[in-house]
Amino acid sequence: MPKLSLRDLDVRGKRVLVRADFNVPVETRGGKFRITDDTRIRESLPTISYLREHGAKTILMSHFARPKGKPVEKYSLRPIGDYLHSLIHQPVIFSHDTIGEVPAKIVDHMESGDVALLENVRFQPGEEANDPEFAKALAGFGDLYVNDAFGAAHRAHASTVGVTKFVEKAAMGLLMEKELKHLRDGLEKPARPFVVILGGAKVSDKIGVLKALMEKADTILIGGAMANTFLKAEGIPVGASRVESDKVDLACELLDTAKRRGVKLLLPIDAVEAEEIQPGARMRNTSRLSPQHGISDGWQAVDIGAASIALYQDEIAKAETILWNGPVGIFEIPEFAEGTIAIAEALA
Amino acid sequence: MGRIVTPVKIENLLDPSKKIERDALVDTGAYMMTLPNAWRGRLGDPPASRKVELHLATEETVEGEVCGPIYIQIAGFPSIAGEVLFIEMKPADGEYEPLIDYITLEQSQAAVDMMGHRLTHVRYMDMK
């Protein structure tokens, strides 16, 4: 069934609940909150503008950081609403609750063209648990639902997946449509060699992607904490690294599938290991990883190593089409970002 | 020292019949539109979002409560949606003096003209 686009909906006078991705990097300097990269907010503007121009009542929702299911003032979306106001030159009505009486009253008072923003959906434990009651409460704010959060669409959360069961119509926003078009164009007839770089923390998050890409890709480069699960599947010691132990069998299966299909699935051949995951921790490059020489006991893999960077750069240089999803190290800590930066530079 | 006082309209977004139109003092050191507790009822008791502790220039520490959503319009500038802070205020010369904060100024695209002792419209802003 073809996916509905925002353009297929009659939004005039309707309450349109939009899942955006306002999870932007920020810093607080001199007590003042500052957005250091507003790309994600700006990318949501075409959908917001379309809805305003077509007389919808726009109710925006998003996650921001990881407050773990409870209100944390520093992760409030309030300043994001203020910033959005400055971009669209229109008041953005902020609801300091995500669900309940306050947002319900705000939505009741909205007029066509108005824009409101709900508080961080991750302040509610029901968001990441995809709780149907929470999803239903969110859905109650909209006649229609639009998902424009491309960066969060892979997660089955209440505001991305659960909510769709309780609305009359759900459609993709203009950003989602644009991203999917790029992806479809790239995947349908990729120029070869087609190289996929997959990073991030969990194999379980990427199973579907990995299986689908096995049929398309020539080479798959694995990084991030996800690589640890594959290394363990190869019998390589992973020390105290983050591993999904219950997914080791799945990793074995994926490695076998790659072999059978002739897909070159590459794991890091060395790693940067650290004693702790924090800035300033003791760290070092491992020797070549093997069942005899893995990550040291008590240490954790935090980035791909120098030899892996060189290996991955070689594969990237040969590629005609590249798809990259997820960092190959804990890039939020500058000392552990070298691999991710090297990959980005190889792509640039 | 110059004082900039300007008319402002404050309206409960959930009950537009509850509004206040008064002069307010521009205070770029304030971080939120600040009103006296005594005006809560006149604004229809807007929902409270959180309690905050404030350190005043007088070195006093006072408690306040943030409430909203509220429409705020500084005369001559576009209306904004935001929140207000209620604190215990003492009237000066029998009148309360609400404060207009820097975020409300930013959102309203208003800047302080120190020479003219007035607010001026900022048409372009470097958001970074």
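Since this is a predicted model, take the numbers as computed values, not measurements.

Here is what the cut-offs are and how they apply
Residue numbering note: each chain is counted from 1, following its sequence as written. Chains carry letters and ligands carry numbers; both start at the beginning, A for chains and 1 for ligands, and go up in the order they are written. In keeping with the predicted nature of the model, local features appear solely for residues at pLDDT of at least 70, side-chain atom pairs appear and are counted solely at 80 or more, and the whole-chain, interface and lining totals rest on all residues. Here a strand is any run of E in DSSP of at least two residues, a helix any run of H or I of at least four, and the numbering for each starts at the N terminus. As a reference, a globule follows 2.2 Å times the number of residues to the power 0.38, and the radius of gyration itself is taken over C-alpha atoms. Between the buried cut of 20 or more and the exposed cut of 12 or fewer other C-beta atoms within 10 Å of a residue's own C-beta lies the partly exposed class, and all C-beta atoms are placed from the backbone. Two residues qualify as a contact pair if the distance between their C-beta atoms, derived from the backbone, is within 7 Å. As a per-residue measure, pLDDT reflects the predictor's confidence and takes values from 0 up to 100. An expected span of 1.5 Å times one less than the residue number is assigned to each helix. Only buried Ala, Val, Leu, Ile, Met, Phe, Trp, Tyr and Cys residues enter a nonpolar core, and they are joined through C-beta atoms within 7 Å. For helices, the axis comes from a line fit to the C-alpha atoms of the stretch in contact; other axes are also lines fit to C-alpha atoms, and the angle between any two N-to-C directions lies between 0 and 180 degrees. In what follows, roughly perpendicular refers to angles from 65 to 115 degrees, roughly parallel to angles under 35, roughly antiparallel to angles over 145, and oblique to any angle outside these ranges. Two helices that cross are described as forming a left-handed crossing if the nearer one is turned anticlockwise from the farther one by less than a right angle, and a right-handed crossing if clockwise. Criterion used throughout: strands pair if DSSP finds at least two bridges between them. By the convention adopted, Pro, Cys, Tyr, Trp, Phe, Met, Ile, Leu, Val and Ala count as nonpolar, Lys, Arg, Asp and Glu as charged, and the other residues, Gly among them, as polar. Look down the strands so they point away from you; if going from the first strand over the helix to the second traces a clockwise path, that crossover is right-handed.

**Q** An account of the overall build of chain A is requested, with residue identities and associated values reported.
**A** Counting its secondary structure elements, chain A contains 12 helices and 15 strands. Here chain A has a C-alpha radius of gyration of 22 Å; the compact-globule value for 348 residues is 20 Å, and the two agree. Seen along its three principal axes, the alpha-carbon backbone of chain A occupies a region of about 65 × 50 × 35 Å. Here chain A holds 348 residues, and 46% of them are scored as buried. Sequence-distant contacts in chain A: of pairs separated by 6 or more residues, those separated by 24 or more amount to 71%.

**Q** A description of the confidence of the model for chain B should follow, citing residues and the corresponding values.
**A** For chain B, per-residue confidence averages 90 on the pLDDT scale, and residues scoring 70 or more make up 95% of the total. Here the prediction assigns the complex a pTM of 0.77, and the interface score ipTM is 0.85.

**Q** Summarise helix H7 (residues 174–188) of chain A; cite the residues concerned and give the values.
**A** Each turn of an α-helix holds 3.6 residues, which means side chains three or four residues apart point in the same direction. Over its 15 residues, H7 of chain A extends 21 Å from the first C-alpha to the last, a length consistent with the 21 Å expected when each residue adds 1.5 Å. Along H7 of chain A, the residues that are buried comprise Leu 174, Leu 175, Met 176 and Glu 177 of chain A.

**Q** Could you give an account of the nonpolar core, with specific residues and numbers?
**A** Ranked by size, the top nonpolar core spans 79 residues in total, and within it Val 16, Ile 59, Leu 60 and Leu 138 of chain A together with Val 84 of chain B carry the most contacts. Sequence-distant contacts of Leu 138 of chain A, defined by excluding residues within four places in its chain, comprise Leu 17, Met 61, Ile 99, Ala 158, Ser 159 and Val 163 of chain A. Counting residues in each nonpolar core, the second largest holds 45 residues, with Val 238, Val 243, Val 263 and Ala 271 of chain A among its members.

**Q** With reference to specific residues and values, describe the packing of helix H11 (residues 306–318) of chain A against helix H12 (residues 338–347) of chain A.
**A** Residues and elements named next belong to chain A. The contact between H11 and H12 brings their axes to 10 Å, and the two run at 20°. Taken together, the axis directions place H11 and H12 in an arrangement best described as roughly parallel. As for how H11 packs across H12, the hand of that crossing is right-handed. Of H12, the residues touching H11 (which contributes Ile 309, Tyr 312, Gln 313 and Ile 316) are Gly 339, Ala 342, Ile 343, Ala 346 and Leu 347.

**Q** Tell me about the sheet that holds strand S12 (residues 271–274) of chain A, residues and numbers included.
**A** Whether parallel or antiparallel, the strands of a sheet pair through hydrogen bonds between backbone atoms. Residue and element names in this part refer to chain A. Reading across from one edge, S13-S12-S14 is the order of the three strands in this open sheet, with antiparallel pairing throughout. Both outer strands of the open sheet, strand S13 (283–285) and strand S14 (300–304), are each paired with one neighbouring strand and no more. Across the sheet, the mean angle separating the axes of adjacent strands is 30° when strand polarity is ignored. Judged from the four bridges that link them, S12 and S14 form a sheet pairing that is antiparallel. Looking at S14, one finds that Glu 273 is bridged to Ala 301.

**Q** Explain the interface of chain A and chain B to me, and be specific about the residues and the numbers.
**A** On the side of chain B, 14 residues touch chain A, which itself brings 13 residues to the contact. When contributions to the side of chain A that touches chain B are tallied by element, the ones reaching two or more residues are helix H3 (78–88), strand S5 (92–95) and helix H4 (101–109) of chain A. Within the side of chain A that touches chain B, the residues separate by chemical class into six nonpolar, five polar and two charged.

**Q** So what's going on with H3 of chain A? Residues and values would help.
**A** Among the residues of H3 of chain A, those classed as buried are Arg 78, Ile 80, Gly 81, Asp 82, Tyr 83, Leu 84 and His 85 of chain A. In this structure, the buried side of H3 of chain A is in contact with strand S3 (32–35), helix H1 (39–43), S5 and strand S6 (115–118) of chain A together with strand S6 (80–87) and helix H1 (102–107) of chain B. At the exit of H3 of chain A stands His 89 of chain A, carrying a positive phi of roughly 55°.

**Q** An account of the pairing of S6 of chain A is needed here, citing residue identities and associated values.
**A** If a strand is regular, its side chains alternate between the two faces of the sheet. All names here are of chain A. Taking every second residue as pointing to the same face, both faces of S6 are buried, with Val 115 and Leu 117 on one and Ala 116 and Leu 118 on the other. As paired strands, strand S4 (residues 57–61) and S6 are joined by three bridges and run parallel to one another. Among the inter-strand pairings, Leu 60 is bridged to a residue of S6, identified as Leu 117. For S5 and S6, the ladder comprises four bridges, and the chain directions are parallel. Opposite Ser 95, over in S6, you have Leu 118 as the bridge partner. Regarding the hand of the β-α-β motif, the stretch spanning S5, H4 and S6 is right-handed.

**Q** If you had to explain the environment of Glu 179 of chain A to someone new, which residues and values would you point to?
**A** Its location among the elements puts Glu 179 of chain A in helix H7. A sequence separation of 31 residues divides Glu 179 of chain A from Asp 148 of chain A, and the C-alpha atoms of the two residues are 9.8 Å apart.

**Q** Give me the lowdown on the packing of helix H9 (residues 226–233) of chain A against helix H10 (residues 248–261) of chain A, citing residues and values where you can.
**A** Residue and element names in this part refer to chain A. Across the interface, H9 lies against H10 with an axial gap of 8 Å and an inter-helix angle of 80°. Overall, the two elements H9 and H10 adopt an arrangement that is roughly perpendicular. Side by side, H9 and H10 meet where Thr 229, Phe 230, Lys 232 and Ala 233 of the first sit next to Val 248, Ala 251, Cys 252 and Leu 255 of the second. The class makeup of the residues in the contact of H9 with H10 is six nonpolar, one polar and one charged.

**Q** If you had to explain the pairing of strand S1 (residues 5–12) of chain B to someone new, which residues and values would you point to?
**A** Residue and element names in this part refer to chain B. Where S1 and strand S2 (residues 19–26) come together, seven bridges link them in antiparallel fashion. Residue pairing in the sheet places Val 8 in a bridge with Arg 22 of S2. Here S1 folds back onto S2, and the loop between the two strands holds six residues. Here five bridges tie S1 to strand S5 (residues 61–74), and the two strands are oriented antiparallel to one another. Note on S5: the bridge partner recorded for Ile 10 is Ile 72.

**Q** Residues and numbers for the environment of Asp 23 of chain B, please.
**A** Residue and element names in this part refer to chain B. Tracing the backbone through its elements, the reader meets Asp 23 in strand S2. Exposure remark for Asp 23: the 12 C-beta atoms within 10 Å place this residue in the exposed category. Taking C-alpha positions, Asp 23 is 16 Å from Phe 86, a pair spaced 63 residues apart along the chain. Each residue touching Asp 23, except ones within four places of it in the same chain, is listed here: Val 5, Thr 6 and Pro 7.

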